[in-house]
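The primary structure of each chain is shown beneath.
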Amino acid sequence: MSAEQPGAINAQSPLKDSDGRYRNRQPRRSLSLGKRLSLLWEVLFNKPASTVPASPIPVVPVSRSELLEAPDHSVYRLGHSSLLLKLDGELYLTDPVFVKRASPFSWLGPKRFHAPPIGLTSLPPIRAVILSHDHYDHLDKQSVLYLARTGTRFYAPLGVGDRLMAWGIAPEQVVQLSWWQSSQCGALRLTATPAQHFSGRGLRDGNQTLWCSWVIESSAQRLFFSGDGGYFDGFAAIGQQFGSFDMAFMETGAYDPRWSSVHMHPEQTLQATRDLNARWLLPIHNGTFDLAMHSWFDPFEQICALAHAARVPVCTPKMGERISLLTPSRGDPWWRPLMATSPAQERCQSAG
């Protein structure tokens, strides 16, 4: 399928090195070998207990019939960065991950805190899957192969589509876009937009595929899906290009000062939301996998406190809870009953 360029482009195309690997316009911070080994030791042997919830996370089960009967302009969080959107009568998935571990191994790697609110085999027909990049916590091979057999189409940044086709997905089901390219999918217009991140699924394929964020335009709304990434001037460029957004689904989780160039801290998530001129913020990339050293609830507490102070409406649904995109609600702080007493809890309770 052909792709289109939007009118006035306020950021340049992605960069490639001489060996064909993509790179960020703002250099990615790299760690020395010693610091990488120190980080590995910390992750393996010195992780705080609070990075994993002590009690089960509440999940609202979702049924096939509910999805078929759900009103238009609805969104469900399935976990991490997986969103199920019902727009103009059809269903769309972002970065679907239904497996137990975000890992190349079924027995090792970050394990889910909760089951998906609905299983793959219970899903109604999905019009399209929208992929931000190829990391294991965003691209689940088992899930996309199942969805491909049902006729789903896949929208992906450059190179990720080639990976899908190498897995056996038919070329006519795959649409690959570079930054600022758009494609029509039913009633939706999808535009791949810049992000500050990296890619790869093995030891030797780093940055051979592109990463992106997405602008999703329906008949009634304009939505932003961040995928993964650090804070950069691309958010302001996207906001200038598209004017405003009804809701932004923004990465808020798995952050650390050591990799701040590729994952935003909560205050940067808030600033990016303001750069985009988004009316509502729904934080994603949290609540499902243990991917950093912070408490599992820290992303929710921090972004809620920051957004409250800045008077930015933030929506925090339970996994599986339906949210109307036309009339969003803030949702209950469902994570607080599961929190252990900590300085982070006290700080955010006093701020909120």
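As the structure is a computational prediction, the values presented were derived from the model and not from experiment.

Trainee: Quick question: what am I supposed to make of the sheet that holds strand S14 (residues 278–284) here?
Mentor: Picture the strands of a sheet paired through backbone hydrogen bonds; they go either parallel or antiparallel. As summarised here, the arrangement of the six strands in space is S9-S10-S11-S12-S13-S14, forming an open sheet in which the pairing is mixed. Every other strand in the sheet has two partners, leaving strand S9 (182–185) and S14 as the edge strands with one partner each. With strand direction ignored, the average angle separating the axes of adjacent strands in the sheet is 20°. Pairing of strand S12 (residues 222–225) with strand S13 (residues 245–251), which is carried by three bridges, proceeds in the parallel orientation. In the sheet register, Phe225 faces S13, and the bridge partner there is Phe249. Across the sheet, helix H5 (residues 234–242) lies against strand S10 (188–193), strand S11 (213–217), S12 and S13, angled at about 20° from S11, the strand it touches most.

Trainee: How do you make sense of the packing of helix H6 (residues 266–275) against helix H7 (residues 298–310) when you look at a structure like this?
Mentor: Relative placement of two packed helices is described by the angle separating their axes and the distance separating the axes. Interaxial distance between H6 and H7 falls to 9 Å at its minimum, and their mutual angle equals 45°. With respect to H7, the element H6 is oriented oblique. Once H6 is placed against H7, the crossing between them reads as right-handed. Contacts from Pro266, Glu267, Thr269, Leu270 and Arg274 in H6 reach Gln302, Ile303, Leu306, Ala307 and Ala310 in H7. A class-by-class count of the residues in the contact of H6 with H7 yields six nonpolar, two polar and two charged.

Trainee: What is the right way to look at the packing of aromatic side chains in this model?
Mentor: Each pair of aromatic rings is reported with the distance of its centres and the angle of its planes. For the structure on display, the rule yields 13 aromatic pairs. Their ring planes at 75° and their centres at 5.4 Å tell us that Phe232 and Phe235 sit as a pair that is edge-to-face. Phe235 gets classed as buried once you look at its relative accessible area, which sits at 4%. With 6.2 Å between their ring centres and 50° between their planes, Phe242 and Phe245 make a pair best called tilted. A relative accessible area of 11% places Phe242 in the buried class. Put simply, the rings of Phe224, Tyr231, Phe232, Phe235, Phe242 and Phe245 touch in pairs and so form one group of aromatic residues. The ring centre of Tyr136 lies 3.9 Å from the NZ or CZ of Arg201, which sits over that ring.

Trainee: What am I meant to see in a nonpolar patch on the surface here?
Mentor: A grouping of Phe105, Trp107 and Leu108 is seen on the molecular surface, where their side chains present a nonpolar patch of about 350 Å² in accessible area. In this fold, Leu108 is placed in the loop between strand S5 (90–94) and strand S6 (128–130).

Trainee: Looking at this structure, how should I read H7?
Mentor: Every α-helical turn comprises 3.6 residues, leaving residues that sit three or four positions apart pointing alike. Taking 1.5 Å of rise per residue, 13 residues should cover 18 Å, and H7 covers 18 Å from first to last C-alpha, within 8% of that figure. Along H7, the positions that sit buried rather than exposed are Asp298, Pro299, Phe300, Glu301, Gln302, Ile303, Cys304, Ala305 and Ala307. Just downstream of H7 lies Arg311, where phi reads positive at about 60°.

Trainee: Is there a simple way to explain the nonpolar core in this structure?
Mentor: Generally speaking, a soluble globular protein has its nonpolar side chains buried in company with each other. Ranked by size, the top nonpolar core spans 63 residues in total, and within it Leu85, Trp214, Ile216, Phe224, Phe249, Met250 and Trp296 carry the most contacts. Residues in contact with Phe249, not counting those within four places in the same chain, are Val75, Leu83, Leu85, Leu223, Phe224, Phe225, Ser226, Leu282, Ile284 and Leu325. Ranked by size, the runner-up nonpolar core spans 26 residues in total, among them Ala70, Phe98, Trp167 and Val174.

Trainee: Looking at this model, I keep getting lost on the sheet that holds S5. Mind explaining?
Mentor: One open sheet holds the seven strands; their spatial order is S8-S7-S6-S5-S4-S3-S15, and the pairing between them is mixed. Of all the strands in the sheet, just strand S8 (174–177) and strand S15 (322–324) have a single pairing partner and so form its edges. Averaged over all pairs of adjacent strands, the angle between their axes in this sheet comes to 25°, without regard to strand direction.

Trainee: What should I look at first to understand the pattern of salt bridges in this one?
Mentor: Think of it this way: side chains of opposite charge can pair up when their charged atoms draw near. One pass over the full model with this rule turns up 10 salt bridges. Measuring nitrogen to oxygen at the nearest pair gives 2.7 Å for the salt bridge that ties Arg23 to Asp17. With a relative accessible area of 34%, Asp17 lands in the partly exposed category. For Asp256, the salt bridge goes to Arg258, with nearest N and O atoms at 2.8 Å. Judged by its relative accessible area of 7%, Asp256 is buried. Through salt bridges with shared partners, one network takes in Asp134, Arg163 and Asp205.

What counts, and where the lines are drawn
- Residues numbered from 1 in each chain as written.
- Predicted model: local features only at pLDDT ≥ 70, side-chain atom pairs only at ≥ 80, totals over all residues.
- Heavy atoms only, no water.
- Pairing = 2+ DSSP bridges.
- Helix = DSSP H or I, 4+ residues; strand = E, 2+ residues; numbered from the N terminus.
- Axes fitted to C-alpha atoms, helices over the stretch in contact; angles between N-to-C directions.
- Contact = heavy atoms within 4.5 Å.
- Parallel < 35°, antiparallel > 145°, perpendicular 65-115°, else oblique.
- Left-handed = near helix turned anticlockwise from the far one by under 90°.
- Nonpolar A, V, L, I, M, F, W, Y, C, P; charged D, E, K, R; others polar.
- Phe/Tyr/Trp six-rings, centres within 6.5 Å; stacked < 30°, edge-to-face > 60°.
- Buried < 20%, exposed > 50% of the residue type's maximum accessible area, 1.4 Å probe, protein only.
- Lys NZ or Arg CZ within 6 Å of the ring centre and 35° of its normal.
- Patch = residues over 30% accessible without salt bridge, like charges linked within 9 Å, V, L, I, M, F, W, Y side chains within 5 Å.
- Areas by Shrake-Rupley, 256 points an atom, 1.4 Å probe, with all protein chains shown as cover.
- Salt bridge = Lys/Arg side-chain N within 4 Å of Asp/Glu carboxyl O.
- Expected span 1.5 Å × (residues − 1).
- Core = buried A, V, L, I, M, F, W, Y, C linked by side-chain atoms within 4.5 Å.

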